[in-house]
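Read off the chains here:
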Amino acid sequence: MEPPDAKAGAHRASTLLLLTLLLGARQGTEAELHVSVPPLVEVMRGESVTLDCTPSGVHTHYSLEWFLLDRSMVRHLLASAELQGSELQGSVSNPQVRNPPYQLDSRGRLVLAEAQVGDERDYVCVVKAGAAGTAEATAHLRVFAKPEATEVEPNKGTLSVMEESAQKIATCLSQNGNPVPEITWYRDGQRLEVPMEMNSEGYTVSRTIREASGLQSLTSILYLRLHKADRDASFHCAAHYKQPQGHVGRLDSQPFRLTLHYPTEKVQFWRASPSTTEGWVREGDTVQLLCQGDGSPSSDYIFYRLQNQQEELLSVNQNGNLTLLAVRREHSGTYGCRVEDYDAAEDVELSQTLDLHVAYLDPLKLSVGEELFLSQGDSVDVNCSVQGLPTPSLRWNKDSVPLGDGPKLSLSSVTFDSAGTYVCEAFMSTVPLLSRTQSFKLLVQGVPELREVETQTRTEGTWQEGDEVTLICLARGYPEPKISWSQLGGSPAEPAPEGQGWVSSSLTLKVTSTLSRDGVTCEASNRQGSKQKVFHFGAVAPQTAQAGVAVMAVAVSVALLLLVVAAFYCMRRKGRPGCCRRREKAAP
C-alpha cells in the first residue's frame, strides 16, 4: 500500500492537470475571434459609403464599437452596438460630429452619407465577445473629388523670339480636387516635357493650395524660350485627376495662341490684280500691288516708284497694299516696296521691286472714209494703221468672214459681190482682252444687174387664156435700182431674202394671147443705166370653142324642157278636142 502522503500528492497533480487543460482550452477559444474589415475603401465625393465589420465565428453575445482615428492616433468613439439575442442594438455616440451624421445599420456597418474630403481617415472596428476575447481591424477611407474645369490664362503681351531666356507663357489652374491633380502642358497636341528646375529653355513652377473645404487646387506656370516656329502653334494644358479603382480622368483647357515679335527675314512684292501671264495690265484698269514681310508685328510698308534712279514716294501704310486707279501708259515703270523693320538682320533684303507694263491700243486709222465708192471693175488698196504696246497684230474680215492678216487690204476688179462692210481688227495675243476695230462700207456703182426667177415652164400650147401666173424680177446695183413692169400691178421693190444687195419685185397677172405675143417686160434702172428682161409664155390656147359648145348645150336643154311642158299640158286637156287648134287660130 502506498503511504497516505503519496495518495494526496497524486490527487493534487491530477487536479493541477485538469486546471491546466481547462485554461488551455479557454486560451484557444480566445484566439479564434477575428474581425473582417475592408482595408481600403474608395469613393467619389458626394457618394454614400458603407464600412463593413464582420466578426468571425458564431457568438451569442458580443459588442461592437466604431472609432475614428485622428492624425494624432487618438481614437474617438463614433458608434457602438451590442448583440442581444438575434438582434444587434446600436447607437451613434455623437450625431452632431458630422453632417449628415454617422449611421449604424442593423448589421453593425458604419454608413457615411455624402462622403466628404474630411471623411478621408482610418476607421477602427473593435469587437468584444466576452470569454472569446477582443478583436479589432482598421479600414482606410479615400475620398476622390473631380476638380473644376481647367482654366488657363495665357500671356497676352507680345513675346519676343529674340529673348535668349525662357519667358512666361501661361498659367494653368485646376481647382477643388482630391487628391491634388497633375498638370501637363501641350503644344500642337504634343506633350511638353519640361522640368521643374529653372533653365533657359523651359520649365514649370507649381503651387498647391488646400482650400477651407479640404479640397486641393494646383497652379502651374509654364516658361519657354520661344522661336519663330511658335507663331502658329496652339498651346493648352490638361489636369489629370485620380478616380477609384486606379482610373484617371482628364480635363483639358481651351487652346490659345501667342502674340510673338520676330524680325523680318523675307519680303514678297507682287501684283495682285489684274494681270496676264506676261505681266501686262490694260490701260484704264485698277491695279493692286501687295507687299508682305514675314516679321511680326507688322511694320510700316513704304511704296515708291523709281524715276531716274530716284525714289518717288507713293504711300506708307501697315496693310501692305498699294492701289493704282485707272492706270495710264505713263504709269509703266519700276515700283518698289520696303519694310521698315529695324530688328531685322543686316543681311536680310528688306526692299523688293517689280516692273509694271501698261498695255494700250490707240484707235485704228483707215486710208479711206466710212464709205468707199467704186465702179465695177475698179481696184484699190486700203491701209489700216494702229499704235499700241505691245505691238498689235492686224486682220481683215468682211461680214465676219476672214480675209487675211496684215495692215493692207487689196480689192481687185470689184463687182457687186464685193460690196459690203469691211472690218480691220487690232489685237494682242499677250493681252487677250485688249482689241479695237475700224470698218468701212464698200459701195460698187454700175448699171443694174438683172435676174429673173424662173416661172414654171409649160409645154407649147398648154398655156390657156385666163391662167394666172406670178413673175418675179431681181436686180442689184448702186444706186439701188428701181424696178418697173410693162404691165400694171407690179409690187414695189423690196430687199430680197438672199441679201447681197438684191431687191425684188413681183407681178401677178392672167395669161392672154396678147401677152403671149408681146411678152411682159421687167426693167431695172438707176443713174448708171438700165437693163430689161422680157418674159414670154409661148403659144396660148384660146377659150372660144369651148364657150360655143357650152351655149349650144344650154339651148338644147331649154328646148327639150319646153317640149316636155307642152306635151304635159295637152295631156291634161284631153277630152276637149280642138283645144290646141282653137288657140292656134286665135293667135294673131
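Source: prediction; values computed, not measured.

Caption draft 1: Representation of the pattern of salt bridges within the structure. This structure, assessed with the given rule, holds 21 salt bridges. Across the pair Lys-228 and Asp-294 runs a salt bridge whose closest N-O atoms are separated by 2.8 Å. Here Lys-228 is found in the loop between strand E18 (216–224) and strand E19 (235–242), whereas its partner Asp-294 is found in the loop between strand E24 (287–293) and strand E25 (300–307), with 66 residues between them in sequence. One salt-bridge network, in which partners are shared between bridges, spans Glu-283, Arg-328, Arg-329 and Asp-362.

Caption draft 2: Focus on the nonpolar core. By size, the foremost hydrophobic cluster in this structure holds 32 residues, and its most contacted members are Trp-66 and Tyr-123. Only strand E2 (40–44), strand E3 (49–51), strand E5 (63–69), strand E6 (75–84), strand E9 (110–112), strand E10 (122–128) and strand E11 (134–144) provide two or more residues apiece to this core. No other element matches the five residues that E11 contributes to this core.

Caption draft 3: Examining the layout of surface pockets more closely. Its volume calculated, the largest pocket comes out at about 450 Å³. Looking at the largest pocket, it is lined by 20 residues, and the ones nearest its centre are Phe-416, Ala-419, Leu-443, Gln-500 and Gly-501. The element that contributes the greatest number of residues to the lining of the largest pocket is strand E38 (residues 435–445), accounting for four residues. Taken together, the residues of the lining of the largest pocket sort by class into nine nonpolar, five polar and six charged.

Caption draft 4: Representation of the state of the cysteines in the model. Taken as a whole and assessed by the stated rule, the structure comprises five disulfides. Disulfide partner of Cys-172: Cys-237, at an S-S distance of 2.1 Å. Across the disulfide from Cys-172 to Cys-237, rotation about the S-S bond amounts to roughly 80 degrees, and the bridge is consequently right-handed. Of this pair, Cys-172 sits in strand E14 (residues 167–177) while Cys-237 sits in strand E19, placing them 65 residues apart in sequence. Given the relative accessible area of 0%, Cys-237 is considered buried. For Cys-473, the disulfide goes to Cys-522, at an S-S distance of 2.0 Å. Here the disulfide of Cys-473 and Cys-522 is left-handed, its torsion about the S-S bond being about -100 degrees. Of the two residues, Cys-473 sits in strand E41 (residues 468–476) while Cys-522 sits in strand E45 (residues 520–526), which places them 49 residues apart along the sequence. Residue class for Cys-473 comes out buried when judged on its relative accessible area of 0%. Classification of Cys-522 as buried rests on a relative accessible area of 0%.

Caption draft 5: Local environment of the sheet that holds E10. Across the sheet, six strands lie side by side as E2-E11-E10-E5-E6-E7; this open sheet has mixed pairing. Of all the strands in the sheet, just E2 and strand E7 (87–92) have a single pairing partner and so form its edges. Each adjacent strand pair in this sheet contributes to an overall mean axis angle of 20 degrees, direction not counted. Pairing of E2 with E11 involves five bridges; the strand directions are parallel. Bridge pairing in E11 links Val-41 to Leu-141.

Caption draft 6: Focus on the sheet that holds strand E39 (residues 449–453). Taken together, four strands build an open sheet; the order of strands is E39-E41-E44-E43 and the sheet is antiparallel. If you trace the sheet from one side to the other, it starts and ends with E39 and strand E43 (494–495), each paired once.

Caption draft 7: Region of interest: the packing of aromatic side chains. Considering all chains together, one arrives at seven aromatic pairs under this definition. A ring pair is formed by Tyr-422 and Phe-440, whose centres lie 5.3 Å apart and whose planes are at 10 degrees; its orientation type is stacked. With Tyr-422 in strand E37 (residues 420–427) and Phe-440 in strand E38, this residue pair connects regions lying 18 residues apart in the sequence. Looking at Tyr-422, the relative accessible area reads 4%, which means it is buried. Here a set of aromatic residues connected by ring pairs shows up, and it is made of Trp-396, Tyr-422 and Phe-440. Stacked on the ring of Tyr-102, the Lys or Arg Arg-98 has its end atom at 5.7 Å from the ring centre. The ring of Tyr-360 has Arg-329 lying over it, and the distance from NZ or CZ to the ring centre is 3.7 Å.

Caption draft 8: Focus on the side chain of Gln-216. As for its placement among the helices and strands, Gln-216 is situated in strand E18. Gln-216 sits in the buried class, given a relative accessible area of 11%. Separated by 3.2 Å, the side chains of Gln-216 and Asn-178 make a polar contact. Each residue touching Gln-216, except ones within four places of it in the same chain, is listed here: Ser-174, Gln-175, Asn-176, Gly-177, Asn-178, Pro-179, Val-180, Pro-181, Thr-208, Ile-209 and Arg-210.

Caption draft 9: Looking closely at the confidence of the model for the chain. Mean pLDDT for the chain: 85, with 86% of residues reaching 70 or above. Counting interchain partners and residues more than four positions distant, the pLDDT-below-50 stretch residues 1–31 has five contacts. Here residues 545–550 is a poorly scored stretch, pLDDT under 50, and it has zero contacts once near neighbours within four places are set aside; other chains count.

Caption draft 10: Structural detail: the pairing of E45. The element E45 is extensively covered by neighbouring structure, given that five of its seven residues are classed as buried. In the sheet, strand E42 (residues 482–485) pairs with E45 via four bridges, with the strands oriented antiparallel. Bridge pairing in E45 links Lys-482 to Ser-525. As defined by bridge partners, E45 adjoins strand E46 (residues 529–535) across seven bridges and the pair is classed as antiparallel. The residue bridging Val-520 from the neighbouring strand is Phe-535, located in E46.

Caption draft 11: Highlighting unusual backbone geometry. In the segment running from Asn-99 into Pro-100, the intervening peptide bond is cis, with an omega of -5 degrees. Along the chain, Pro-100 falls in the loop between E7 and strand E8 (103–104). Here the residue pair Tyr-478 and Pro-479 is connected by a cis peptide bond, since its omega of -5 degrees sits within 30 degrees of zero. Mapped onto the secondary structure, Pro-479 falls in the loop between E41 and E42. Of note, Asn-176 is a non-glycine position whose phi angle comes to about 60 degrees, a positive value. As for its position among the elements, Asn-176 is in strand E14.

Each value, and the rule that gives it
Residues numbered from 1 in each chain as written. Predicted model: local features only at pLDDT ≥ 70, side-chain atom pairs only at ≥ 80, totals over all residues. Heavy atoms only, no water. Salt bridge = Lys/Arg side-chain N within 4 Å of Asp/Glu carboxyl O. Helix = DSSP H or I, 4+ residues; strand = E, 2+ residues; numbered from the N terminus. Core = buried A, V, L, I, M, F, W, Y, C linked by side-chain atoms within 4.5 Å. Buried < 20%, exposed > 50% of the residue type's maximum accessible area, 1.4 Å probe, protein only. 1 Å grid on protein atoms, 1.4 Å probe; cavity = no way out; pocket = protein on both sides within 12 Å on 5 of 7 lines; lining within 4 Å. Points joined across faces, edges and corners; volume = space filled by probe spheres on them. Nonpolar A, V, L, I, M, F, W, Y, C, P; charged D, E, K, R; others polar. Disulfide = S-S within 2.5 Å. Pairing = 2+ DSSP bridges. Axes fitted to C-alpha atoms, helices over the stretch in contact; angles between N-to-C directions. Phe/Tyr/Trp six-rings, centres within 6.5 Å; stacked < 30°, edge-to-face > 60°. Lys NZ or Arg CZ within 6 Å of the ring centre and 35° of its normal. Polar contact = N/O pair within 3.5 Å; in protein donor to acceptor, adjacent residues only side chain to side chain. Contact = heavy atoms within 4.5 Å. pLDDT = per-residue confidence, 0-100.

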